[in-house]
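# Observations on the three-dimensional arrangement
These are the residues of each chain, in order.
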Amino acid sequence: MRADEQTYRNVAKNCSAYAVKDCCRCTNKSGDTEVSCTTCKHFASDKHCKLDLFDPIVENHEY
């Protein structure tokens, strides 16, 4: 699953299983945590969701 960063952010915002990686201290300019699939502990290095939640969320929200 490879998508643009905006899609990764939208999916993560709508994912009930989103959990920030322990090693990730990602923040935006205002200091808020960057919520994105790429900062989720369930996102594998080969760019897929280990829980297989990405596709159902995209389908339900039509990104």
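Just so it is clear, the model here is predicted, and its values are computed rather than measured.

## Some thoughts on the overall build of the protein
Summing up its helical and strand segments, the protein has two helices and zero strands in all. Contacts in the protein between residues at least 24 apart in sequence constitute 48% of all its contacts with a sequence separation of at least 6. Here the protein displays about 4,400 Å² of accessible surface, and carbon together with sulfur accounts for 46% of that area.

## Looking at the side chain of H42
Here H42 lies in the loop between α1 (5-13) and α2 (54-61). A distance of 3.2 Å separates a polar atom in the side chain of H42 from the backbone oxygen of A17. Discounting residues that sit within four places of it in the chain, H42 has contacts with A17, A19, H48, C49, K50 and L51.

## Examining unusual backbone geometry
Unlike most non-glycine residues, K47 shows phi in positive territory, near 65°. By secondary structure assignment, the location of K47 is in the loop between α1 and α2. Residue classification places K47 among the partly exposed positions, given a relative accessible area of 36%. Positive phi, normally seen in glycine, also occurs at D52, with a value near 55°. Tracing the backbone shows D52 in the loop between α1 and α2. Under the relative-accessibility criterion, D52 is labelled exposed at 61%.

The rules behind these values
- Residues numbered from 1 in each chain as written.
- Predicted model: local features only at pLDDT ≥ 70, side-chain atom pairs only at ≥ 80, totals over all residues.
- Heavy atoms only, no water.
- Helix = DSSP H or I, 4+ residues; strand = E, 2+ residues; numbered from the N terminus.
- Contact = heavy atoms within 4.5 Å.
- Areas by Shrake-Rupley, 256 points an atom, 1.4 Å probe, with all protein chains shown as cover.
- Polar contact = N/O pair within 3.5 Å; in protein donor to acceptor, adjacent residues only side chain to side chain.
- Buried < 20%, exposed > 50% of the residue type's maximum accessible area, 1.4 Å probe, protein only.

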